[in-house]
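What follows is the residue order along each chain.
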Amino acid sequence: MRLEYFEMIDSVRSLDRAAGRIEARALVPEASPVFEGHFPGYPLVPGVLLTETMAQASGYLLLAHLDFALMPFLMAVDKARFRSFVGPGAVLDVEASLVHDGSGYAVTKAAIRTGGKALADAELRFRTMPFPDGLDAPMRARARSIGLLDGAAA
Amino acid sequence: MSDQPTTGSTATFERVADIIAETADIPREKITPESHAIDDLGIDSLAFLDIAFAVDKAFGIKLPLERWTQEVNEGKVPAEEYFVLKNLCARIDALVVEKAAKA
């Protein structure tokens, strides 16, 4: 994870297009400016960044599902729960599954576990729309760099 | 267009009105078959997608919002064809029939 660059997902461990499911991994860095404020002397990954992590795992799932024809943008977060604290050095297992593929929008459920323990979960909704000019290539490059399409089971 | 029924069934309207009231936090009594979702009820695009998700789930259909939006934006279809609730309900009924025919 590069928290301050909003690069939350380090690698895709599996992608099952048929089942609409992705598993990804994220390693919380040992140091980040984020921890200077959250909290001084007691570093914790903020809940909003755990939400973003779930959103990005869902986003990559949707990009694969949509075959990069549309870009998902987060539009709603429902039932978000942060069940435990997590700090520097933790390995996060992130999973997301497609709940509903609507017209112009999509719904996912996502969760994060660390060391087998539930850390966060939420139901997320995305608007899916044509890529704004210039965003297509960097999103594909980023997806490639985390192994999104290497992990495809189907 | 012309093959669409002109108004939705009462049962469909009741169900859709309940969904709108709950999802968009609008008093149920304000919602009538003649209500325009945007002009009368003040539903914005985000809330409309919340409603679409609830409608998709409740009726087991997929409202073709992208096509509708394109048709309205291109001036091919007046917005009230989709956003006045009796018309929306008629389209929901047609999609339910269409889905049943395919099953």
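Everything that follows concerns the structure shown earlier in this document.
Being a predicted model, the structure only gives us computed values, none of them experimental. (Residues numbered from 1 in each chain as written. Chains lettered and ligands numbered in written order. Predicted model: local features only at pLDDT ≥ 70, side-chain atom pairs only at ≥ 80, totals over all residues.)

Along its length, chain B carries 5 helices and 0 strands. When the helices and strands of chain B are read in sequence order from the N terminus, they spell out α-α-α-α-α. For chain B, the C-alpha radius of gyration of 13 Å lies close to 13 Å, the compact-globule estimate for 103 residues. Principal-axis analysis of the C-alpha atoms gives chain B an extent of 35 × 30 × 20 Å. Here chain B holds 103 residues, and the buried ones make up 29% of them. Considering only contacts in chain B between residues 6 or more positions apart, those separated by 24 or more positions represent 65%. (Helix = DSSP H or I, 4+ residues; strand = E, 2+ residues; numbered from the N terminus. Rg over C-alpha atoms; globule rule 2.2 N^0.38 Å. Buried ≥ 20, exposed ≤ 12 C-beta atoms within 10 Å, placed from the backbone. Contact = placed C-beta atoms within 7 Å.)

Tallying the contact residues gives 11 residues for chain B and 9 residues for chain A. At the level of secondary structure, the elements contributing two or more residues to the side of chain B that touches chain A comprise α2 (45-59) and α3 (65-73) of chain B. The greatest single-element share of the side of chain B that touches chain A, amounting to 5 residues, is contributed by α2 of chain B. Across the side of chain B that touches chain A, the residue classes break down as 7 nonpolar, 1 polar and 3 charged. (Nonpolar A, V, L, I, M, F, W, Y, C, P; charged D, E, K, R; others polar.)

All names here are of chain B. It is the contact of helix α1 (residues 10-24) with α2, at a shortest axis distance of 10 Å, that shows an interaxial angle of 135°. As judged from the angle between their axes, α1 and α2 are oblique. Seen along the crossing, α1 lies across α2 with a hand that is right-handed. Along the contact surface, α1 presents R15, V16, I19, I20, T23 and A24, while α2 presents A47, D50, I51, A54, V55 and A58. (Axes fitted to C-alpha atoms, helices over the stretch in contact; angles between N-to-C directions. Parallel < 35°, antiparallel > 145°, perpendicular 65-115°, else oblique. Left-handed = near helix turned anticlockwise from the far one by under 90°.)

Going from H38 of chain A to F39 of chain A, the amide bond is cis rather than trans, its omega being -5°. With respect to the helices, strands and loops of the structure, F39 of chain A is situated in the loop between α1 (34-37) and α2 (47-65). Backbone geometry places F6 of chain A, a non-glycine residue, at a positive phi of 60°. Phi at D25 of chain B takes a positive value of approximately 55°, unusual for a residue other than glycine. By the element assignment, D25 of chain B lies in the loop between α1 and α2.

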